[in-house]
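Close look at the chain arrangement
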Amino acid sequence: MKIKLSQILAHIVLILGVLLMVIPIWLSFASSTHDTVTILKEGMKFGLGDQLTRNYNEVLNEKGGWSEEVTAAKMFINSFIMALGIATLKVIISAMSAYALVYFRFKLAVPIFWLIFITLLVPLEVRIFPSYKIVSDLGLTNSYTGLVLPLVASATATFFFRQFYKTIPDELLESAKLDGANSWRFFIDFLVPLSKTMIAAMFIFMFVYGYSQYLWPLIMTTSEEYWTVVMGMKIIFTESYEGVALPRTAERFAYIILSMIPPVLVVVFLQKWFIKGLIQTEK
Amino acid sequence: MSFLELNKVTKIYPNGTKAVHETSMNVENGEFMVFVGPSGCGKSTLLRMIAGLEDITEGNINLDGILINKVDPSERDVAMVFQNYALYPHMNVYNNLAYGLKNRGISKEDIEKKVNEAAKLLQISEYLQRKPSMLSGGQRQRVAMGRAIVRSPKIFLFDEPLSNLDAKLRIQMRLEIKKLQQKVGVTSIFVTHDQVEAMTLADRLAVINNGLIEQLGTPIEIYNNPKSMFVAGFIGSPQMNFLEGELKNKTLTSEGFEINNVTSDFNGPVILGIRPEHMSQTDKGLINLSVDLVEQLGSDNLIYGEIKNKKDFCFRCSGSQIIKKGSKLSLNINDNNYYVFDKSNGNRVN
Ligand SMILES: Nc1ncnc2c1ncn2[C@@H]1O[C@H](COP(=O)(O)OP(=O)(O)OP(=O)(O)O)[C@@H](O)[C@H]1O
Ligand SMILES: [Mg+2]
């Protein structure tokens, strides 16, 4: 068997890429199995230590915050709910608005599309005060609804769905119509199954987006009950050591590793569809 | 009252294109009607108006005694076979056939029965579990037909369904469509730009040009008695020969010969049309052809040559005859089988 030089090169590049992705994760994991003092003294570790169970126990059961009541587990759940809500609603709303824009040829479809599109220029961070005002006027601070709702409109996903729907031949719609399908049935029986890979891909992107929100939950929540993972990372796990507040580095690494689990689970769960969505469209 | 009635139907697209002009016609129950015409003449537009996929700008369409101008396509009970089949890519063949029945709220057992029947009729029973992407062109074609048949609609509409198939399969499917239609007996309209397809399939034929029906009739009527130069040139293969000439007092002068006693009172410049198959060789014939090219089809020979100022004049003779390039033929027109058209507007005058 002859192996071509270009193949070897390609593999080297791929391996380098994989290493680039994996090494930081491994470093964090290895470091999370040592105790804080070792890491503070000697820096991050490549080898495993003996503190694995202690550190992870600590992180999962430690009660933090001012009330000493919020746990890391609770924050994971909060973030998970928030991300799930954002991703689900974003996908549904985007798919449906794209459907309206592409298939209902009303006069304002194009201007409305551009209006949706330019909201890309005003991300939540830019409109955070008006958003906060509205949400607090609605009495939605410290609630999951308040965490999710302002983030569910998505120009990006609408755009991708619109582009995808445009590639679906008109004859399919016409043929479905003659087969007695109304607009709702066409959406459910045709567009949803045809775009399922797209839906999976969008869902993953949007989940990660929701999961890594920092500023919005920070402003939105005063009750620790609604703290999210990214906030928690900063707020808990400091410790006073010889009179100085020191970060509990080892536990933080454990926390980071744990916080990766929900998005990884989502990816693994949707992987089959997702990969397909990236490399092919089923048409 | 006819099964399908078109009454002064006109289509003007939003961009101003007038695709169909005040077209009126009737299609009888069980009839196989073919729309034939060159590309862009408005065949598809007319068909799509019957299906309800295009709005009707003016005029009325009645189907089975009901005015359907404003009836939604999903409620017209028509089935259409598209050029690219438009099969549902995410459903297997069974569900492709069953989908229209499901939407009509038919029970599961009945659906299964009907789908299996249709599948058997079209010989696609073994593929019922496959997705359309796993079928050959011909099989897809059958599935598309099956999807139309399974619903037993009031009318079948076909928009050039054979044009994606290779020549051999096309002839085979053409035959099958005709047989199937005779068996099922559903009124059908078939759109094509292929005149052979049109001739072989049609009970009646509508030759369309520029959004107008130029002639309506049985294939043989149209072949024997074309009303205009356009129809004469479009129907028949190889194409009719057209020669310039002058008609005066029932005598036609053209390209070095004369025809007397023409049955027409027209005087002035005309076009003389002669079909390649309507001539035969004689000793002292009317037309002198010097042969440039011989196409041997086996059963027939197509001889192309020059008569005076006219190039590429075609003559068709039996394949057993051996004719060489460069030879001179003397031809007569059989049984006065020639056509005379007014040069100014193309209308038949004899
Ligand atoms: N959506 C449209 N908007 C504007 N003009 C159109 C539209 N669809 C078709 N036309 C025009 O209407 C005329 C008739 O089109 P049609 O599709 O009916 O032709 P056709 O006879 O089916 O031709 P072909 O054999 O190529 O399919 C053409 O001149 C075409 O350019
Ligand atoms: Mg067409």
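Coordinates for the structure precede this section.
This write-up is about the structure you can find in this document. These numbers were taken from a predicted model, which means no experiment stands behind them.

Take the overall build of chain B next. A count of helical and extended segments in chain B gives 8 helices and 20 strands. Summarising its shape, the C-alpha atoms of chain B cover approximately 75 × 45 × 35 Å along the three principal directions. Burial analysis of chain B (350 residues in total) assigns 52% to the buried set. Relative to all contacts within chain B whose residues are 6 or more apart in sequence, the contacts with residues 24 or more apart total 64%.

Moving on, we come to helix α8 (residues 155-167) of chain A. Residue and element names in this part refer to chain A. In this model α8 runs 19 Å from its N-terminal to its C-terminal C-alpha over 13 residues, within 8% of the 18 Å that 1.5 Å per residue would give. When we look at burial in α8, the residues that qualify are Ala-155, Ala-157, Thr-158, Phe-161, Arg-162, Phe-164 and Tyr-165. On its buried side, α8 packs onto α4 (72-103), α5 (109-118), α10 (183-194) and α11 (196-211).

At the junction of the two partners, chain A supplies 17 residues and chain B supplies 23 residues. For chain A, the biggest contributors to the area lost against chain B are Glu-174, Leu-178 and Asp-179 of chain A; these three give 40% of the whole. In this assembly, chain A and chain B are joined by 2 salt bridges. With its nearest N and O atoms 2.8 Å apart, the salt bridge here joins Asp-179 of chain A to Arg-151 of chain B. The tally of links between chain A and chain B comes to 9 residue pairs in polar contact (both at pLDDT 80 or more). Looking at the side of chain A that touches chain B element by element, the count peaks at 7 residues for helix α9 (residues 170-178) of chain A. Tallied by class, the residues present in the side of chain A that touches chain B amount to 7 nonpolar, 2 polar and 8 charged.

We now examine the nonpolar core. Counting residues in hydrophobic clusters, the biggest one holds 49 residues, and the most contacted among them are Tyr-103, Phe-161, Tyr-165, Ile-168, Phe-186, Phe-190 and Leu-191 of chain A. A per-element tally of this core places α4 of chain A first, with 11 residues. Beyond its immediate chain neighbours, meaning those up to four positions away, Phe-190 of chain A contacts Leu-172, Ala-176 and Arg-185 of chain A together with Tyr-88, His-90, Met-91 and Tyr-99 of chain B. If you look at the next biggest cluster of nonpolar residues, it comprises 46 residues, including Ala-79, Leu-122, Val-186 and Leu-205 of chain B.

This part is about the side chain of Gln-195 of chain B. Relative to the helices and strands, Gln-195 of chain B resides in helix α6 (residues 195-201). In contact with Gln-195 of chain B, other than residues within four places in its own chain, are Val-36, Phe-234, Ile-235, Gly-236 and Ser-237 of chain B.

With that settled, the discussion passes to the sheet that holds strand β2 (residues 18-27) of chain B. Residues and elements named next belong to chain B. Strand order across the open sheet formed by 4 strands is β2-β1-β4-β5, with antiparallel pairing between neighbours. Since the sheet does not close on itself, it has two edges, and those belong to β2 and β5 (66-67), each with one partner. Here strand β1 (residues 4-12) runs beside strand β4 (residues 58-63); their pairing, made up of 5 bridges, is antiparallel. Looking at the pairing, Thr-10 lines up with Glu-58 of β4. Set on the sheet, helix α1 (residues 43-51) makes contact with β1, β2 and β4; between it and β1 the angle comes to about 120°.

The subject of this paragraph is the pairing of strand β19 (residues 328-333) of chain B. All names here are of chain B. In this structure, strand β15 (residues 279-281) lies alongside β19, joined through 3 bridges in antiparallel fashion. Bridged to Gln-281 within β19 is Leu-331. Examined bridge by bridge, strand β16 (residues 287-296) and β19 share 4 bridges and lie antiparallel to one another. In the sheet register, Ser-290 faces β19, and the bridge partner there is Lys-328.

Any two aromatic rings considered together are summarised by their centre-to-centre distance and by the angle between their planes. Enumeration according to the criterion identifies 30 aromatic pairs over all chains in this entry. When the centroid spacing of 5.4 Å and the interplanar angle of 80° are considered together, the rings of Tyr-99 of chain A and Phe-104 of chain A count as edge-to-face. Of the residues examined, Phe-104 of chain A reaches a relative accessible area of 37% and is grouped as partly exposed. Ring plane angle 35° and centroid distance 5.7 Å describe the contact between Phe-113 of chain A and Phe-117 of chain A, whose orientation is recorded as tilted. One end of the pair, Phe-113 of chain A, and the other, Phe-117 of chain A, are both in helix α5, 4 residues apart, so they sit about a helical turn from each other. On the accessibility criterion, Phe-113 of chain A (3% relative accessible area) is buried. Here Phe-117 of chain A falls in the partly exposed class, since its relative accessible area comes to 24%. In textbook terms, an aromatic cluster arises when at least three aromatic residues are bridged by ring pairs, as seen for Tyr-99, Tyr-103, Phe-104, Phe-161, Phe-164, Tyr-165, Trp-184, Phe-186, Phe-187 and Phe-190 of chain A together with Tyr-88 and Tyr-99 of chain B.

Attention now moves to the state of the cysteines. Defined simply, a disulfide is a covalent bond joining two cysteines at their sulfur atoms. All names here are of chain B. Summed over all chains, the structure comprises 0 disulfides over all chains. Left without a disulfide partner, Cys-314 is nearest to the cysteine sulfur of Cys-317, which lies 9.6 Å away. Overall, the relative accessible area of 3% leaves Cys-314 in the buried class.

Below, the discussion takes up the environment of Leu-6 of chain B. All names here are of chain B. Here Leu-6 lies in strand β1. Sequence-wise, Leu-6 and Met-25 are 19 residues apart; in three dimensions their C-alpha atoms are separated by 5.1 Å. Once you skip the residues sitting within four places of it in the chain, Leu-6 turns out to touch Thr-23, Ser-24, Met-25, Asn-26, Leu-46, Ile-50, Asn-60 and Ile-61.

What counts and how
Residues numbered from 1 in each chain as written. Chains lettered and ligands numbered in written order. Predicted model: local features only at pLDDT ≥ 70, side-chain atom pairs only at ≥ 80, totals over all residues. Heavy atoms only, no water. Helix = DSSP H or I, 4+ residues; strand = E, 2+ residues; numbered from the N terminus. Buried < 20%, exposed > 50% of the residue type's maximum accessible area, 1.4 Å probe, protein only. Contact = heavy atoms within 4.5 Å. Expected span 1.5 Å × (residues − 1). Buried area = accessible area lost by both parts, 1.4 Å probe. Salt bridge = Lys/Arg side-chain N within 4 Å of Asp/Glu carboxyl O. Polar contact = N/O pair within 3.5 Å; in protein donor to acceptor, adjacent residues only side chain to side chain. Nonpolar A, V, L, I, M, F, W, Y, C, P; charged D, E, K, R; others polar. Core = buried A, V, L, I, M, F, W, Y, C linked by side-chain atoms within 4.5 Å. Pairing = 2+ DSSP bridges. Axes fitted to C-alpha atoms, helices over the stretch in contact; angles between N-to-C directions. Phe/Tyr/Trp six-rings, centres within 6.5 Å; stacked < 30°, edge-to-face > 60°. Disulfide = S-S within 2.5 Å.

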